[in-house]
There are 4 protein chains.
Amino acid sequence: MGQEIQKVFADHTLCLSVDVDGEWCNDTPQVIVDFSSRTAFPRTIELCREHGAALVIGTTAITKEDVDHLRSLGQDVPVIQSFNFSVGVNVLKMILREFSSYLSDWDLEIVEVHHNRKKDAPSGTALLLKEATGRNCPTHSLRMGGVPGDHSVFFSNEGEVLELTHRALSRTVFALGALRAAQFAVTAEPGFYAFEEVIACAPKKSSS
Amino acid sequence: MGQEIQKVFADHTLCLSVDVDGEWCNDTPQVIVDFSSRTAFPRTIELCREHGAALVIGTTAITKEDVDHLRSLGQDVPVIQSFNFSVGVNVLKMILREFSSYLSDWDLEIVEVHHNRKKDAPSGTALLLKEATGRNCPTHSLRMGGVPGDHSVFFSNEGEVLELTHRALSRTVFALGALRAAQFAVTAEPGFYAFEEVIACAPKKSSS
Amino acid sequence: MGQEIQKVFADHTLCLSVDVDGEWCNDTPQVIVDFSSRTAFPRTIELCREHGAALVIGTTAITKEDVDHLRSLGQDVPVIQSFNFSVGVNVLKMILREFSSYLSDWDLEIVEVHHNRKKDAPSGTALLLKEATGRNCPTHSLRMGGVPGDHSVFFSNEGEVLELTHRALSRTVFALGALRAAQFAVTAEPGFYAFEEVIACAPKKSSS
Amino acid sequence: MGQEIQKVFADHTLCLSVDVDGEWCNDTPQVIVDFSSRTAFPRTIELCREHGAALVIGTTAITKEDVDHLRSLGQDVPVIQSFNFSVGVNVLKMILREFSSYLSDWDLEIVEVHHNRKKDAPSGTALLLKEATGRNCPTHSLRMGGVPGDHSVFFSNEGEVLELTHRALSRTVFALGALRAAQFAVTAEPGFYAFEEVIACAPKKSSS
């Protein structure tokens, strides 16, 4: 993931790095991006305060206390936290949360496809999308080859079908989401933001 | 279309009928459904006033003056007017209008598939969806066999793809939309409504 | 089904009809098409012998003895028998039977979608396609709205996915298959043919 | 590509390497894999003769004379040459070559999707699939985000649709094809083989 982030952030200067081999810093960072493990968390908070840097954090195993620390840090700098930095998944989630009720009398089923090394089924994202529909519906999990991750939500009545499908092409997804969050952070007011709020600020047109 | 409507409205009583062979009426209608040609329009307005009946009208070739007549009729009874009574297409339109801006830096293309007897390309619905995205994008038209009508909107960036697809299964689509509009009309306040407003009133749960 | 057949055979003359209301005949038929129930079977055989007519039969509930009768009839006239007259499903079956072994080290899963009134799962066609792959694989059944019937076979390895999907658009499918079988029958040698043999005789180019 | 090959061939020992920085060899190779540029070609032939090694070659820009050299090399060792080492694309090509004639009265269209950096349209693979159908049909090219490469062939008549879709997940595709060719080569008789012939020898079951 670290490599993906550095590739996607290539236009920006890396001036602070923290990993298992240690830490180096040659300038004051505007934004700190942390997609590492829980163990790095306390030092990440320290570094943000030390440098007055904004934070983009995708660490998954954080505790309720950690979130409280992020909220208080958000009083001084912009903090963007999410468990899933895929723009498409977050947009799909928002669509389902808002429009599923319009199709409450339609049938609803979810299909997800992932590589054959994935152990859990249904995927966490499938559960998250199902929750966004506000309904309990059948989910189907395919485990095939090297598929990075497809999720399809099907609504159907007697005369029509509406299909909403998200497909991850590679792990770049999350790095691109982190970049979008960082671009938001450099100009944002201090605060504790969900990634959905970042997305809801339509980005300036730029080459994808 | 008339037959489709009668099939879908089977639970309701037909008490007024107007067609080329004439007109009969054996009771006071609550709702009048008109999916016929422009020529029937004046008589339709008369009948609504005469019976105090709500109106669901899908006639396509109506003029600006006709719309004014519908608005004034809407002061006395509920009037629901649309050029497309497909629930799915209208929901897709609403989704695109609201969320396309969140993906303004993603590539966007539209693909539509229709039976090989369809002369125009792209389809009217494809143009309507494109307009809802607020962007000018490539559209691709396939003309194959007996396909009733598929429309796919693809958004993609470097790491992910979001696909929104609507598929019509048969002409029942529009009759089901008319039924939904009629169910709305019997309890609605007088007014001139777009079909989107009907959809936005989440329906009571019922078997699809 | 009878109506579908008459619509698709519109360019041909109907000169013999048998149904619950009785039987009429005003000329010698070249081909007799029987998609009715088992009860009609004996009379169908009689009529073919009487008129020297070819037979296209899609009756599903026929017994082993019935098949023997069809074989002996095949010594005098062309007899085409199948439990599924969809050209696409039969072609897909042939593709899977011949090429699945080339992908024996790929993952394989089948997904089928049918209207919510369908009781059985997986569908008979899904089982038939699975058998054609010569492998035991997971099958997923979606039951949604009015979908006539979709079947998708997915092969995948670490780097690629091959998807083979058949979609029925309406019950016309089977009538079109019967027409193709009848066109084959009028010029064929006497014999007992599977529908696959009819398909394998590439048809003369004609508008679809 | 060289890196992809080494990753996929990880279970095998690399004992000969040739690149722009030079050449090293610490043992006798069984198979030489060449996916480099035309310039490496003469040396590749020499090395195969020198070591009596089989050859798997995917170099695209080779000349007619080069192919003659490969044929004569094929008299002494197994030589497998192809311009596309994707198993799925080759299987799809074989399916279309064999079964398209069964659907000659169906409509046919091809859709391909590639990343927005791809300049040419339609893709070479789309043209190759079109040629395999033996028909001239419309092709549609979408250029979106980072899509590695999707190709869909649609057949449709009045009542049904048959869709054959290949999706590349990553550049691993071609390395996996090269591995399959190499596994074939170590046990094959000397000869000049197309990759299709390798595929047609159903592989021993192995984890994908």
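The model shown is predicted, which means the values in this text are computed figures rather than measured ones.

> It is not clear to me how the relation of the copies chain D and chain A should be interpreted in this structure. Could you clarify?
One chain copy maps onto the other through a rotation about an axis and a shift parallel to that axis. For these two chains of identical sequence, chain D goes onto chain A by a turn of 180 degrees and a shift of 0.0 Å along the axis, with RMSD 0.0 Å. Each copy turns onto its partner about a two-fold axis. Closest approach to the rotation axis within chain D is made by the C-alpha atom of Leu169 of chain D, at a distance of 3.7 Å. Here 100% of the interface residues in chain D have copies in chain A that are interface residues too; the copies meet face to matching face.

> How should I be thinking about the interface of chain D and chain A in this particular structure?
Bring the parts together and some accessible area is lost; that lost area is often taken as the interface size. The partner chain A presents 8 residues to the 8 residues of chain D that form the contact. Across the chain D to chain A interface the summed buried area is about 580 Å²; carbon plus sulfur atoms make up 46%. Asp150 of chain D is the salt-bridge partner of Arg167 of chain A, the closest N and O atoms lying 3.3 Å from each other. Linking chain D with chain A are 2 residue pairs in polar contact (both at pLDDT 80 or more), by the criterion used here.

> Help me understand the packing of aromatic side chains in this model?
To describe a pair of aromatic rings, one takes the distance between the centres and the angle between the planes. According to the stated counting rule, one finds 18 aromatic pairs over all chains in the structure shown. Between the aromatic rings of Phe85 of chain A and Phe195 of chain A, the centroid separation amounts to 4.8 Å while the plane-to-plane angle is 50 degrees, which identifies the pairing as tilted. Of the two residues, Phe85 of chain A is situated in the loop between β5 (78–81) and α4 (87–99) and Phe195 of chain A in helix α7 (residues 195–200); the sequence distance between them amounts to 110 residues. By the burial criterion, Phe85 of chain A is buried, and Phe195 of chain A matches it. A network of ring pairs unites the aromatic residues Phe99 and Tyr102 of chain A together with Phe99 and Tyr102 of chain B as a single cluster.

> Explain the sheet that holds strand β3 (residues 31–34) of chain B to me, please; I cannot follow it from the model alone.
Strands belonging to one sheet form pairs held by backbone hydrogen bonds; the direction of such a pair is parallel or antiparallel. Residues and elements named next belong to chain B. Taken in spatial order, the 4 strands line up as β3-β4-β5-β10 in an open sheet, and their pairing is parallel. Strands at the two margins of the open sheet, each flanked by one partner only, are β3 and β10 (191–194). When the angles between neighbouring strand axes are averaged without regard to direction, this sheet yields 15 degrees. Sheet analysis places strand β5 (residues 78–81) next to β10, joined by 4 bridges and oriented parallel. Bridge pairing links Gln81 to Ala194 in β10.

> Would you mind going over helix α5 (residues 124–133) of chain D with me for this structure?
Because each turn of an α-helix spans 3.6 residues, side chains separated by three or four positions end up pointing in the same direction. Residues and elements named next belong to chain D. Among the residues of α5, those classed as buried are Thr125, Ala126, Leu129, Lys130, Ala132 and Thr133. Mapping the buried residues of α5 onto a view down its axis gives an arc of 160 degrees, with all of them on the same face. Check the buried side of α5 and you find it contacts α4 (87–99), β6 (107–114), β7 (139–143) and β8 (150–156). Residue Gly134 follows α5 closely and has a positive phi angle near 70 degrees.

> Would you take a moment to explain helix α3 (residues 64–73) of chain B for this structure?
Residues and elements named next belong to chain B. Among all positions in α3, only Asp66, Leu70 and Leu73 are buried. For α3, the buried positions fall inside an angular range of 60 degrees around the axis, keeping them on one side. Against the buried residues of α3 lie α2 (41–51), β4 (54–57), β5 and β10. For α3, the side-chain oxygen to backbone nitrogen distance between the N-cap and Glu65 is 3.3 Å, and the N-cap itself is Thr63.

> Would you explain the packing of helix α4 (residues 87–99) of chain C against α4 of chain D in this entry?
The geometry of a pair of packed helices is captured by two quantities: the angle between their axes and the separation between those axes. Orientation of α4 of chain C relative to α4 of chain D, taken along the N-to-C sense of each, is 130 degrees, at an axis distance of 11 Å. Of the possible angle classes, the one that applies to α4 of chain C and α4 of chain D is oblique. Crossing of α4 of chain C against α4 of chain D: the hand is right-handed. For the pair α4 of chain C and α4 of chain D, contact is made by Val91, Met94, Ile95, Glu98 and Phe99 of chain C and by Val91, Met94, Ile95, Glu98 and Phe99 of chain D, respectively. Residues belonging to the contact of α4 of chain C with α4 of chain D are distributed by class as follows: 8 nonpolar, no polar and 2 charged.

> I tried to follow the environment of Phe99 of chain A on my own but got confused; where do I start?
Residue placement: Phe99 of chain A occurs in helix α4. Spatially, the C-alpha atoms of Phe99 of chain A and Leu55 of chain A are 32 Å apart, while their sequence positions differ by 44 residues.

> Which parts of the structure should I look at to understand the relation of the copies chain D and chain C?
The two copies are related by a screw operation: chain D maps onto chain C through 180 degrees of rotation and 0.0 Å of translation along the axis, at an RMSD of 0.0 Å. Residue by residue, 100% of the interface of chain D is reproduced at the interface of chain C, so both copies engage with the same surface.

> Sorry, what's going on with the state of the cysteines here?
As used in these notes, a disulfide is a covalent bond between sulfur atoms, one from each of two cysteines. All names here are of chain C. Summed over the entire model, instances satisfying the criterion amount to 0 disulfides over all chains. Distance from the sulfur of Cys48, which forms no disulfide, to the nearest cysteine sulfur (Cys25) is 12 Å. Exposure remark for Cys48: the relative accessible area of 0% places this residue in the buried category.

> Just checking my understanding: could you explain the interface of chain D and chain C for this structure?
Counting residues at the interface gives 45 residues for chain D, matched by 45 residues for chain C. Summed over both sides, the interface between chain D and chain C buries roughly 3800 Å², with carbon and sulfur atoms accounting for 56% of that surface. Where chain D meets chain C, there are 2 salt bridges. Note that Arg180 of chain D is salt-bridged to Asp105 of chain C, the shortest N-O span being 3.8 Å. Linking chain D to chain C there are 16 residue pairs in polar contact (both at pLDDT 80 or more). The residue makeup of the side of chain D that touches chain C, split by class, is 21 nonpolar, 14 polar and 10 charged. Sheet topology places strand β9 (residues 160–168) of chain C next to strand β9 (residues 160–168) of chain D; 9 bridges connect them, and they run antiparallel. Looking across to β9 of chain D, one finds that Leu162 of chain C is bridged to His166 of chain D.

Rules and cut-offs
- Residues numbered from 1 in each chain as written.
- Chains lettered and ligands numbered in written order.
- Predicted model: local features only at pLDDT ≥ 70, side-chain atom pairs only at ≥ 80, totals over all residues.
- Heavy atoms only, no water.
- Least-squares fit on C-alpha atoms with pLDDT ≥ 70 in both.
- Contact = heavy atoms within 4.5 Å.
- Buried area = accessible area lost by both parts, 1.4 Å probe.
- Salt bridge = Lys/Arg side-chain N within 4 Å of Asp/Glu carboxyl O.
- Polar contact = N/O pair within 3.5 Å; in protein donor to acceptor, adjacent residues only side chain to side chain.
- Phe/Tyr/Trp six-rings, centres within 6.5 Å; stacked < 30°, edge-to-face > 60°.
- Helix = DSSP H or I, 4+ residues; strand = E, 2+ residues; numbered from the N terminus.
- Buried < 20%, exposed > 50% of the residue type's maximum accessible area, 1.4 Å probe, protein only.
- Pairing = 2+ DSSP bridges.
- Axes fitted to C-alpha atoms, helices over the stretch in contact; angles between N-to-C directions.
- Arc of directions from axis to C-beta.
- Parallel < 35°, antiparallel > 145°, perpendicular 65-115°, else oblique.
- Left-handed = near helix turned anticlockwise from the far one by under 90°.
- Nonpolar A, V, L, I, M, F, W, Y, C, P; charged D, E, K, R; others polar.
- Disulfide = S-S within 2.5 Å.

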